[in-house]
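Single-letter residue listing:
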Amino acid sequence: MQHKKIYLQRLLAIYVAFFAVLLVALAHEVIPSFSYGRRTGSEMSDSMFREFGSDHPRSVYMLFDIPLRNDRPVALAAADSLRRITAQPTRMTLTVSEPAPGNPSFASLAFNIIGGSKWIYALTLAGPLIYLAIIILMLLIIHSVRRAIREERPIGRGDVGRLRLIALLTIVSELLSRLWIWCMARRAATILADTPYTVDTSFTLSYGVVLMGILLLFAAEVFAISRDLGEEQRLTI
């Protein structure tokens, strides 16, 4: 295979960039978010546990990233009396404490801690699992392509299938993420019905993420076609 060294150097650069971005994401997003979630969840669990043994247990849960649709700005107090500040909130995070229905167990209250629903809690867990699967599949593809270049053989069918799976997981992760926000927005709309805040309950998508998933599907099909054509040409020769 010609230019084998160049191909391997390019893949090494992709390897380094992939791990660099992964480490930066862990340092700046995943670890702080996990620390905040663990601290907040611990405080809420302690609060529920203290009231669980009483005659009136309460359910405490959080609603994250609630989109708002406000036409009226909110006036803020400024230290300088000559300065006027107005704000127009676009998103909000709520902590809700309300009487627990029926005679619930502590486990059922704990699983309602996000969004007040076990299904929303399940959607919260699905997102990180999908991202982890995408990372593993990406590592497998890079490793397999490096071996294919060194052994001077075409890309395997497994790599094409993994790329298709990454594309589908990318689209599914966006749909689940938006479903997560939509479910919590609908619940928040009921809670904030008698307040000045209006919740945007429309279901929206990040079309850039969906487009990226479609482009990955297109790339997978191009790889599959080129591989099949290469196999036919080899058999013909």
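Remember, predicted model here, so these are calculated numbers, not experimental data.

Rules of the game
- What you see as residue numbers is a count from 1 along each chain, following the sequence as written.
- Per-residue local features are limited, in this predicted model, to residues with pLDDT of at least 70; the limit for side-chain atom pairs, both in listing and counting, is 80 or more; totals at the level of whole chains, interfaces and linings are taken over all residues.
- In computing side-chain values, all of the structure's heavy atoms are included and hydrogens and water are not.
- Segments assigned H or I by DSSP are reported as helices when at least four residues long, segments assigned E as strands when at least two residues long, and all are numbered from the N terminus.
- Burial classes follow relative accessibility: with a 1.4 Å probe on protein chains only, a residue under 20% of its type's maximum area counts as buried, one over 50% as exposed, and anything between as partly exposed.
- Whether two residues touch is decided by their heavy atoms; if any such pair falls within 4.5 Å, the residues are in contact.
- Per-residue and other accessible areas were derived by the Shrake-Rupley procedure at a 1.4 Å probe size, with only the shown protein chains allowed to occlude residues.
- Whenever a nitrogen or oxygen atom comes within 3.5 Å of another N or O atom, the pair is scored as a polar contact, on the condition that within protein one atom can donate a hydrogen and the other can accept it, and that pairs from neighbouring residues in sequence are kept only if both atoms are in side chains.
- We define a salt bridge as a side-chain nitrogen of Lys or Arg found within 4 Å of a carboxyl oxygen belonging to Asp or Glu.
- To count toward a patch, a residue needs a relative accessible area above 30% and no salt bridge. Like charges then connect within 9 Å, nonpolar side chains (Val, Leu, Ile, Met, Phe, Trp, Tyr) within 5 Å.
- Paired strands are those between which DSSP finds at least two bridges.
- Values of pLDDT, the confidence the predictor places in each residue, fall between 0 and 100.
- Here the aromatic set is Phe, Tyr and Trp, taking the six-membered ring for Trp, and pairing holds for ring centres within 6.5 Å; pairs whose planes are under 30 degrees apart are stacked, those over 60 apart are edge-to-face, and all others are tilted.
- As used here, the term nonpolar core means buried Ala, Val, Leu, Ile, Met, Phe, Trp, Tyr and Cys residues forming a set that is joined through side-chain atoms within 4.5 Å.

A.B. asks: Even after reading the chapter, I still don't get the overall build of the protein chain, so can you show me in this structure?
C.D. replies: Looking only at helices and strands, the protein chain features five helices and four strands. The helix and strand sequence of the protein chain, counted from the amino end, reads α-β-β-β-β-α-α-α-α. When the 237 residues of the protein chain are sorted by exposure, 28% land in the buried category. In the protein chain, of all internal contacts separated by at least 6 residues, the share reaching a separation of at least 24 is 76%. Roughly 15900 Å² of accessible area belongs to the protein chain as shown, and the carbon and sulfur atoms make up 63% of that amount.

A.B. asks: Can you walk me through the side chain of Ser117 in this structure?
C.D. replies: Assignment of secondary structure puts Ser117 in the loop between helix H2 (106–111) and helix H3 (118–150). Classification of Ser117 as buried rests on a relative accessible area of 18%. Separated by 3.2 Å, the side chain of Ser117 and the backbone nitrogen of Trp119 make a polar contact. Excluding residues that lie within four positions of it along the chain, Ser117 makes contacts with Phe111 and Asn112.

A.B. asks: Teacher, can you tell me more about the pattern of salt bridges here?
C.D. replies: Any two side chains of opposite charge can pair if their charged atoms end up close together. A full pass over the atoms with the stated rule returns six salt bridges. For the salt bridge of Arg162 with Asp159, the shortest nitrogen-to-oxygen distance reads 2.7 Å. With Arg162 and Asp159 both in helix H4 (residues 157–191) and three residues apart, this pair spans about one turn of that helix. The class of Arg162 is partly exposed, set by a relative accessible area of 26%. The salt bridge involving Glu174 is made with Arg178; its shortest N-O contact spans 2.8 Å. With Glu174 and Arg178 both in helix H4 and four residues apart, this pair spans about one turn of that helix. Given the relative accessible area of 21%, Arg178 is considered partly exposed.

A.B. asks: How should a nonpolar patch on the surface be read in this particular structure?
C.D. replies: The grouping of Leu132, Ile136 and Leu140 at the surface amounts to a nonpolar patch, some 260 Å² of accessible area in total. Along the chain, Leu140 turns up in helix H3. Taking relative accessible area as the criterion, Leu140 reaches 40% and is therefore assigned partly exposed.

A.B. asks: Sorry if this is basic, but what is going on with the pairing of strand E1 (residues 58–67) here?
C.D. replies: If a strand is regular, its side chains alternate between the two faces of the sheet. With seven of 10 residues buried, E1 lies mostly within the body of the structure. Across eight bridges, the pairing between E1 and strand E4 (residues 91–99) is antiparallel. Paired with Val60 across the bridge in E4 is Ser97.

A.B. asks: What exactly am I supposed to notice about the environment of Gly158 here?
C.D. replies: Along the polypeptide, Gly158 turns up in helix H4. Counting along the chain gives 18 residues from Gly158 to Leu140, while the straight-line C-alpha distance between them is 9.7 Å.

A.B. asks: Where do I start with the confidence of the model for the protein chain in this structure?
C.D. replies: Regions with low pLDDT carry predicted coordinates that are not meant to be interpreted in detail. Mean pLDDT for the protein chain: 78, with 74% of residues reaching 70 or above. The element-level mean pLDDT for the protein chain is lowest in helix H1 (residues 4–52), coming to 68, with H4 highest at 89.

A.B. asks: I keep staring at the packing of aromatic side chains and nothing clicks. Help me out?
C.D. replies: Any aromatic ring pair is given by two values, namely how distant the centres are and how the planes are angled relative to each other. Under the definition given, this model contains two aromatic pairs. Geometrically, the ring pair formed by Phe64 and Trp180 is stacked, given 6.3 Å between the ring centres and 15° between the ring planes. Placement of Phe64 in strand E1 and of Trp180 in helix H4 is noted, with a sequence separation of 116 residues between them. For Phe64, a relative accessible area of 22% gives the class partly exposed. For Trp180, a relative accessible area of 17% corresponds to the buried category. With 6.3 Å between their ring centres and 80° between their planes, Trp182 and Phe203 make a pair best called edge-to-face. Residue Trp182 is located in helix H4, and its partner Phe203 is located in the loop between H4 and helix H5 (207–236); the two are separated by 21 residues in the primary sequence.

A.B. asks: What am I meant to see in the nonpolar core here?
C.D. replies: Side chains that are nonpolar tend, in soluble globular proteins, to be buried together. If you look at the biggest cluster of nonpolar residues, it comprises 18 residues, and the most contacted ones within it are Leu63, Ile66, Leu94, Trp180, Met184, Ala188 and Val199. Residue assignment for this core shows that the elements contributing at least two residues are E1, E4, H3 and H4. Per-element tally for this core: the top contributor is H4, with five residues. Not counting the four nearest positions on each side in its chain, Val199 is found in contact with Ile66, Pro67, Leu68, Arg69, Ala185, Ala188, Ala189 and Leu192. Counting 10 residues, the second-largest nonpolar core is a separate cluster that includes Ile149, Ile166, Leu169 and Ala220.

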